[in-house]
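Results of the structural survey
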Amino acid sequence: MCPISYRRHRFPPAVIQHAVWLYLRFTLSYRDVEELLAERGLDISYESVRSWVLKFGPAIARALRRRRPRPSDRWHLDEMVVRIAGKHMYLWRAVDHEGEVLEILVQRRRDKRAAVRLMRKLLRKQGFAPKQVTTDKLGSYGAAVRHLGLSCHHEQGLQQNNRAENSHQVVRRRERKMQRFKSPASAQRFLSVHAAVHNTFNLQRHLVSRSTLRIFRSEAAAQWRTATIAA
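A brief report on the enclosed structure follows.

**Observations concerning the pairing of strand 4 (residues 132-135)**
Here strand 1 (residues 74-84) runs beside strand 4; their pairing, made up of three bridges, is parallel. The partner of W75 across the bridge, within strand 4, is V133. By the bridge criterion, four bridges tie strand 4 to strand 5 (residues 153-156) in an arrangement that is parallel. Within the sheet, the bridge partner assigned to T134 lies in strand 5 and is E155. In this region the chain leaves strand 4, passes through helix 5 (residues 139-148) and returns to the parallel neighbour strand 5; the handedness of that crossover is right-handed.

Okay, here's the thing in structure tokens:
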């Protein structure tokens, strides 16, 4: 993997990395990041922050994904409605039973074809088939499982799929902060990058002790530094 190049940028890599981290890690706007950097004495336009996120975000996300451990074989799939450019779209989402985001796909439909596309991309990306798939009662999921010939146990029910339902909350907060997504392509690009950062820093702090949380935070910070290393 080639390191990220920060050449021909006026600000040093540490400043760029911190600005990108602030935007992707927290529910902030570009102007919020500009204000936080200004408080530290850095006169940086929000447009510069935006260009850094668009340029370096995808490369950082790829580096973070390479360092993630293999997810579990118990997958939760769900879809939610998002309004993009005045049209209703569907955000299809797959997570494992621990909340690790496996795949996000923005599509126009909520039918069998859309479910098959999600599951094919998910299988190709993960490289293995799940032992259990949990969904709501939408018939498209069962049709997709049968179409792909998967032998995994398929569990259906709203309460059983709370893991996937709750995973939408982070996206809803970002959607409100961004005043909705502007296009399907930009939504797909941002959510893919955001998922990689979310997976790295989602430490399940309510399930671990304070000492363990400090260890997990140090490991997450080390992964970020490695992913953003300069050429």
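**Considering the packing of aromatic side chains**
The tally for this structure, following the rule as stated, stands at ten aromatic pairs. Judged by centre distance (4.8 Å) and plane angle (35°), the ring pair of Y6 and F56 falls under tilted. You can see Y6 sitting in the segment before helix 1 (13-25) and its partner F56 sitting in helix 3 (residues 46-66), a full 50 residues away along the chain. Each member of the pair Y6 and F56 is classed as buried. Three or more aromatic residues link up through ring pairs in this structure, and these residues are W21, F26, F201 and W224. Across from the ring centre of Y46, 4.0 Å away, lies the NZ or CZ of R31, which sits over that ring. A cation over an aromatic ring shows up here: R70 above the ring of F128, its NZ or CZ 3.7 Å from the ring centre.

**A look at the packing of helix 3 against helix 7 (residues 184-201)**
Running from amino to carboxyl end, helix 3 crosses helix 7 at an angle of 45°, the nearest separation of the two axes being 9 Å. Judged by the inter-axis angle, helix 3 sits oblique to helix 7. By crossing handedness, the relation of helix 3 to helix 7 is classed as left-handed. Along the contact surface, helix 3 presents L54, G57, P58, A61, L64 and R65, while helix 7 presents R189, S192, V193, A196, V197 and T200. Tallied by class, residues from the contact of helix 3 with helix 7 come to seven nonpolar, three polar and two charged.

Calculation rules
- Residues numbered from 1 in each chain as written.
- Predicted model: local features only at pLDDT ≥ 70, side-chain atom pairs only at ≥ 80, totals over all residues.
- Heavy atoms only, no water.
- Pairing = 2+ DSSP bridges.
- Helix = DSSP H or I, 4+ residues; strand = E, 2+ residues; numbered from the N terminus.
- Right-handed = clockwise from strand over helix to strand, strands pointing away.
- Phe/Tyr/Trp six-rings, centres within 6.5 Å; stacked < 30°, edge-to-face > 60°.
- Buried < 20%, exposed > 50% of the residue type's maximum accessible area, 1.4 Å probe, protein only.
- Lys NZ or Arg CZ within 6 Å of the ring centre and 35° of its normal.
- Axes fitted to C-alpha atoms, helices over the stretch in contact; angles between N-to-C directions.
- Parallel < 35°, antiparallel > 145°, perpendicular 65-115°, else oblique.
- Left-handed = near helix turned anticlockwise from the far one by under 90°.
- Contact = heavy atoms within 4.5 Å.
- Nonpolar A, V, L, I, M, F, W, Y, C, P; charged D, E, K, R; others polar.

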